[in-house]
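A look at the structure
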Amino acid sequence: KQWYQRRVAITAGIDEFVYQFQSFQQFKSKAGKINDEEKNMLRDEDNAWKVTAVLNILIQLTEKCNINAQLVAIERGETITEDIAGEFGVKPIYTMTGFFSLIGLLRLYCLLGDYHMALTCIEHIQFKDKDMMALVPACQITANYYAGFAYFMIRKYANTIQLYQHILGYMQRTKQFFQNRSFQAEDINKKNDQMLALLAIASTFCPLRLDESVNIQIKEKHNEKVTRLQHGDMTVYDELFFSGCPKFLSPVVSETSSSPFGSSGPRGLQLQVFKTEVEQQRLIPTLRSFLKLYTSIPISKLAKFLDMHENEVRCCLMAFKHKKEIAKGDGGDQTTLDIDFYVDKDMIHISDTKIARHYGDYYVQQILKLKESNKMIISAALSNTTPVATTPGIV
């Protein structure tokens, strides 16, 4: 219990550190709305909450205990010694601080829009139930959210789906735990909604089979929007992206009211990057729907269906293949689409790679719900039962 409390305290401290930096950057970005006294204060304290200083603090905390070397050793199944962990790393308090600082760096790099650096920070972290952050549920949810978003922005949608399915299932199983902690419930519910919005987009770009419980949540929240996504409604992408993305920060803040990122700010810039990807994926759902109807089809015939030139169709097919390989992410053996194809001269040959649906997840979910219902019924019955006096010698 003592170590659990220490983990929670360290996580809360690092979260607050990043939050204070985030709040100060947002304050500085509103240069046109602050008075002259506040502007003068910002000029005098130019080094306050500098981006490089904040990053250096978190990086030094990870280096102090050689946390990355420790995580590599754990991956290899080695015993952590002083040669690996260093003088400070052998002490659990420093190891925990370094580990949770990696999660802080993940969050900060995502807010700044540096997704490759964000994922580099956690490349040795295993998102497993027995991991260190699994003992701090709020940290586990935060880490999965930002890691999934980083994968989303570098177009590895299979990784995003894998992480979000795991953590959404975990949140559903432990929702009673968070409801008893009102100070966390609001933030956890917000993260749940954000992940569902991003998952709706990711599953459109990379149609993997979703867990039944997650699929139900998406339908409850975004059923109409998912239908519009499948029909190519571009405005829905903007809505879901804004619902799911974090509050981005600008590493450079202008003293004038004009932002270096334009009137839309860093959030608008990230949206433009995302919309470029959406535009590239625009014809792929339509193309896939036609290919699913055939085992082979001439390019000329497909071009007539799409009302396009044959060379344009060839480009679309190449883009389809390219996006499919990127979307696979780190798991190269995953089937990220329900079809596969190859082009032989002027003929497209299609193979059906659809995976048979498994119903085990649905039954497991229903069993868990039944167990929860039984616990509630038993606890209610016990609370309403009044103790009966017994006479000695009478059973």
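Residues numbered from 1 in each chain as written. Predicted model: local features only at pLDDT ≥ 70, side-chain atom pairs only at ≥ 80, totals over all residues. Heavy atoms only, no water.

So, the layout of surface pockets
Reported here for the second largest pocket is a volume of approximately 920 Å³. Lining the second largest pocket are 34 residues, with Asp15, Tyr19, Arg107, Asp187 and Lys191 positioned closest to its centre. Elements with a minimum of two residues in the lining of the second largest pocket: α1 (2-29), α6 (92-112), α8 (137-153), α11 (182-205) and α13 (234-244). Ranked by residue count, the leading element in the lining of the second largest pocket is α1, at ten residues. A breakdown of the residues in the lining of the second largest pocket according to their chemical character gives 16 nonpolar, eight polar and ten charged. (1 Å grid on protein atoms, 1.4 Å probe; cavity = no way out; pocket = protein on both sides within 12 Å on 5 of 7 lines; lining within 4 Å. Points joined across faces, edges and corners; volume = space filled by probe spheres on them. Helix = DSSP H or I, 4+ residues; strand = E, 2+ residues; numbered from the N terminus. Nonpolar A, V, L, I, M, F, W, Y, C, P; charged D, E, K, R; others polar.)

Re the packing of aromatic side chains
Under the counting rule described, the total for this entry stands at 22 aromatic pairs. Note on Phe21 and Trp49: the rings are 6.3 Å apart at their centroids and 40 degrees apart in plane angle, and the pair reads as tilted. With Phe21 in helix α1 and Trp49 in the loop between α2 (36-44) and α3 (51-64), the pair connects residues that are 28 residues apart, well separated along the chain. Look at Phe205 and Phe274: their rings are 6.5 Å apart centre to centre, the planes differ by 45 degrees, and that puts the pair in the tilted class. Within this pair, whereas Phe205 is found in helix α11, its partner Phe274 is found in helix α14 (residues 265-281), the two being separated by 69 residues in sequence. (Phe/Tyr/Trp six-rings, centres within 6.5 Å; stacked < 30°, edge-to-face > 60°.)

Side note on the environment of Asp233
Within the element layout of this structure, Asp233 appears in the loop between α12 (212-230) and α13. Residues Asp233 and Arg282 lie 49 residues apart in sequence; the distance between their C-alpha atoms is 9.4 Å.

Describing the pattern of salt bridges
It is possible for side chains of opposite charge to pair when their charged atoms get near one another. For the structure on display, the rule yields nine salt bridges. A salt bridge links Lys221 to Asp193, with the nearest nitrogen and oxygen atoms 3.2 Å apart. With a gap of 28 residues between them, Lys221 in helix α12 and Asp193 in helix α11 connect regions that are remote in the sequence. The class for Lys221 is partly exposed, based on a relative accessible area of 48%. (Salt bridge = Lys/Arg side-chain N within 4 Å of Asp/Glu carboxyl O. Buried < 20%, exposed > 50% of the residue type's maximum accessible area, 1.4 Å probe, protein only.)

Describing helix α16 (residues 299-306)
Given 3.6 residues to a turn, an α-helix orients residues that are three or four positions apart in the same direction. Along α16, the residues classified as buried are Ile299, Leu302, Ala303 and Leu306. All buried residues of α16 fall inside an arc of 105 degrees around its axis, so they share one side. A positive backbone phi angle near 55 degrees is found at Asp307, which sits one or two residues after α16. (Arc of directions from axis to C-beta.)

Observations regarding a nonpolar patch on the surface
Together, Tyr4, Val8 and Leu135 make up a nonpolar patch on the protein surface, roughly 230 Å² of accessible area in all. Here Val8 lies in helix α1. (Patch = residues over 30% accessible without salt bridge, like charges linked within 9 Å, V, L, I, M, F, W, Y side chains within 5 Å. Areas by Shrake-Rupley, 256 points an atom, 1.4 Å probe, with all protein chains shown as cover.)

Quick word on the packing of α13 against α14
At a minimum axis distance of 11 Å, the contact between α13 and α14 shows a crossing angle of 135 degrees. Considered as vectors, α13 and α14 are oriented oblique to each other. α13 and α14 meet at a crossing whose hand is right-handed. Seen from α13, the contacting residues are Met234, Tyr237, Asp238, Phe241 and Phe242; seen from α14, they are Arg267, Gln270, Leu271, Phe274, Lys275, Val278 and Glu279. Looking at the contact of α13 with α14 residue by residue, the class counts come to seven nonpolar, one polar and four charged. (Axes fitted to C-alpha atoms, helices over the stretch in contact; angles between N-to-C directions. Parallel < 35°, antiparallel > 145°, perpendicular 65-115°, else oblique. Left-handed = near helix turned anticlockwise from the far one by under 90°. Contact = heavy atoms within 4.5 Å.)

Re the nonpolar core
Grouped together as the largest cluster of nonpolar side chains are 78 residues, with contacts concentrated most on Phe100, Phe149, Phe152, Tyr164, Phe241 and Phe274. If one sorts the elements of this core by residue count, α6 sits on top with twelve residues. In this structure, Phe274 is in contact with Phe152, Ile201, Phe205, Tyr237 and Phe241, ignoring residues within four places of it in sequence. With 16 residues, the next largest nonpolar core counts Leu287, Leu306, Cys316 and Ile350 among its residues. (Core = buried A, V, L, I, M, F, W, Y, C linked by side-chain atoms within 4.5 Å.)

Some remarks on unusual backbone geometry
Positioned with a positive phi, Asn66 is a non-glycine residue whose angle comes to about 50 degrees. Looking at the element boundaries, Asn66 is found in the loop between α3 and α4 (67-75). Given a relative accessible area of 32%, Asn66 falls into the partly exposed group. The phi dihedral of Lys345 is positive, around 60 degrees, even though this residue is not glycine. Within the element layout of this structure, Lys345 appears in the loop between β2 (339-344) and β3 (347-352). Assessed through its relative accessible area of 72%, Lys345 is described here as exposed.

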